[in-house]
Every structure is written in structure tokens, then in C-alpha cells.
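# Reading the structure
The lines below spell out each chain.
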Amino acid sequence: MQVLASQHRAANQPSRLSVASSVLIGSGLIVAAASILYLVFGLGFLEHFVPAGRATTFQLVAGALAWTFALTAPAGFGLIGLARVVSGIERARARRPRITPAMRLARAIGDDHIVATNLRLPDGARPLPELVIGPFGAAVIEELPPAGAVLSRGMRSWEVRGGNGSIHTIENPLERASRDAERVRAWLTSDDQDYIVKVYAAVVGADERVQRTSGCAVITKDEVAAWLASLTPQATLDEGRRDRIVRTVRAAL
């Protein structure tokens, strides 16, 4: 199975610049904290602010400021620097390509299949998480939210609890996948009006309360390869048309 990854940055994905700046700034603050500690304890910085005799007001104020700086700056710089480095690492992790359902079972899917991820169609709507091109035509595969996070499952919309505890409304995943399949069908058919590409839709999850519809299948993660193999090959999808579909998908990526 060949994987075609999008060259576009996903929505809300951190940029390389933000990752690098967080790590560099954080590292600089940690180095500054270590330098101040060495200056204070290694070179005796505070000894210069201990008056030999009766201290003047200026000496008292300067000494208080020096002691305050020496005791608080290393901890402050170190904690802020560590937080920035951790933030940079988290941003770097967020930039890693998401492993989609078909990619998890890449070895079980035939070499005559091509998977495109984060595919942006010309209609300007949201990107497709995963599109599989095979002997059957094309298949849109999307993932269900975790069953425990779903509060209600309506015909048109679902209520889902986010990781931070907030509740938000999303479009019914089955309806969304079916509509995305129609978008793909219209897109791939626009260049060849005499030929219609068959496009299937499926959602992947372990929510037993979700039932398949006429336009969208419901499968588990382990059933992705078997579901793709069960789709009827499209006899009219010859090599020339298949290559044209692949070129169209590559151009969109």
C-alpha cells in the first residue's frame, strides 16, 4: 500500500518556527539560570554586596536587590525555560503525521491500494482525513469519537465531551462521511463526465450503539482491511482512469 501524505499544514498544527523558538528560548533561559547560579555560588557574587562597616542606605538597597535577584532569578528562569522546552516538545509531537485507520493495517492492505491523508478538495470545505484508492474506486474512511466521550447521538448532530471537559456539538459522523463521499465522487467525476467513480464511506470505532446507514458502513479498526477487500471491484476502472485519479489526488496534496 502506498501512502500519499499532504504537504499542507493541518489546521491548528504548530509551525516549525514555533517549535524551534520554544526550544531555543527555553534552552536559553535554562542556561541563564545555570549561569546565575555559578555567578552567585561559584564566583561569590553576593560577597560584593556585604558592607565592611556601617552600611549606607544605598548599600542596603543594592544588597537587598542583589540578594533578591540571586535567590529568585535562577528558579524563575529555570522554571520558565523548562516550561518553554516542554511546550516545544509537545508542539513537535503535534506535528507528527496522524496514523489513520488504513495506515495502521498497511501490511494487510494490497499493493494496488493508495492512501491519501489530509486531502483538501477544490470545494474549499474541510480536508478529508483519509481517502483510499483501490480496484473498487475510492473510499472515505473517518473515525468516530471515543464512545465514552459521546453524550448524545442525534440524527444530525452529536454532543461530545472534549479532553478539557467542555461539551461541543459535532456533525453526525456517519452523515459527514456520506457527504464527504459525495464530495469526492463529484470531484473525481468532473474531469470525465462519461465515467462515474464509485466512492464508499465508512466510520471506524468501537461504539456498539452506532449502526450503519445506507450510505456509510461502521467498522472497527481491525476490520478496515477486510472491509476494503469486500468492496466489489469496478470493472470500468481501467489502468488509465486509475492513473488519472491518482494524478488528481497528488495534485490536490
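We now turn to the structure provided with this report.

Calculation notes
- Residues numbered from 1 in each chain as written.
- Predicted model: local features only at pLDDT ≥ 70, side-chain atom pairs only at ≥ 80, totals over all residues.
- Heavy atoms only, no water.
- Salt bridge = Lys/Arg side-chain N within 4 Å of Asp/Glu carboxyl O.
- Helix = DSSP H or I, 4+ residues; strand = E, 2+ residues; numbered from the N terminus.
- Buried < 20%, exposed > 50% of the residue type's maximum accessible area, 1.4 Å probe, protein only.
- Patch = residues over 30% accessible without salt bridge, like charges linked within 9 Å, V, L, I, M, F, W, Y side chains within 5 Å.
- Areas by Shrake-Rupley, 256 points an atom, 1.4 Å probe, with all protein chains shown as cover.
- Pairing = 2+ DSSP bridges.
- Phe/Tyr/Trp six-rings, centres within 6.5 Å; stacked < 30°, edge-to-face > 60°.
- Lys NZ or Arg CZ within 6 Å of the ring centre and 35° of its normal.
- Axes fitted to C-alpha atoms, helices over the stretch in contact; angles between N-to-C directions.
- Contact = heavy atoms within 4.5 Å.

### Here's the deal with the pattern of salt bridges
Applying the stated criterion across every chain, the model contains ten salt bridges. With its nearest N and O atoms 3.4 Å apart, the salt bridge here joins Glu142 to Arg176. Taken as a pair, Glu142 in strand S4 (residues 137-143) and Arg176 in helix H4 (residues 173-189) lie far apart in primary sequence, 34 residues in all. Here Glu142 matches Arg176 in class, with each residue buried. Its salt-bridge partner being Asp207, residue Arg153 comes within 2.6 Å of it at the nearest N-O pair. Note that Arg153 is positioned in strand S5 (residues 150-153) and Asp207 in the loop between strand S8 (199-204) and strand S9 (217-219), a separation of 54 residues in sequence. For Asp207, a relative accessible area of 7% gives the class buried. The network of salt bridges with shared partners includes Asp123, Arg126, Glu142, Arg176, Asp180 and Arg183.

### What about unusual backbone geometry?
Residues other than glycine seldom take positive phi values, yet Asn118 does so here, at roughly 50°. By the element assignment, Asn118 lies in strand S2 (residues 114-119).

### Overview of a nonpolar patch on the surface
On the surface, Ile30, Leu82 and Val86 cluster together to form a nonpolar patch covering roughly 220 Å² of accessible area. Looking at the element boundaries, Leu82 is found in helix H2 (residues 57-94).

### Concerning the pairing of S5
Pairing of S5 with strand S6 (residues 157-161) involves three bridges; the strand directions are antiparallel. Bridging across to S6, Arg153 finds its partner in Trp158. Counting the residues between successive antiparallel strands, the hairpin from S5 to S6 contains three residues.

### Structural notes on the pairing of S8
Burial within S8 is extensive, with five of its six residues counted as buried. Here S8 runs beside S9; their pairing, made up of three bridges, is parallel. From the neighbouring strand, Val203 faces S9, where its bridge partner is Val218.

### Considering the packing of aromatic side chains
Considering all chains together, one arrives at one aromatic pair under this definition. Between Phe136 and Tyr200, the ring centres sit 6.1 Å apart and the planes meet at 75°, which makes this aromatic pair edge-to-face. Taken together, the positions of Phe136 in the loop between strand S3 (128-134) and S4 and Tyr200 in strand S8 put the pair 64 residues apart, joining distant regions of the chain. According to the relative accessible area criterion, Tyr200 is partly exposed, its value standing at 22%. It is Arg153 that lies over the ring of Trp158; its NZ or CZ is 5.8 Å from the centre.

### A closer look at the sheet that holds S6
Taking strand neighbours across the sheet as the criterion, the three strands line up as S5-S6-S7 in an open arrangement whose pairing is antiparallel. Because the sheet does not close on itself, it has two edges, and the strands there are S5 and strand S7 (167-171). Each adjacent strand pair in this sheet contributes to an overall mean axis angle of 20°, direction not counted. Direction of pairing for S6 relative to S7: antiparallel, over a ladder of five bridges. The residue of S7 that forms the bridge with Trp158 is Ile170. In the packing of H4 onto the sheet, the strands contacted are S6 and S7, and the crossing angle to S7 comes to about 40°.

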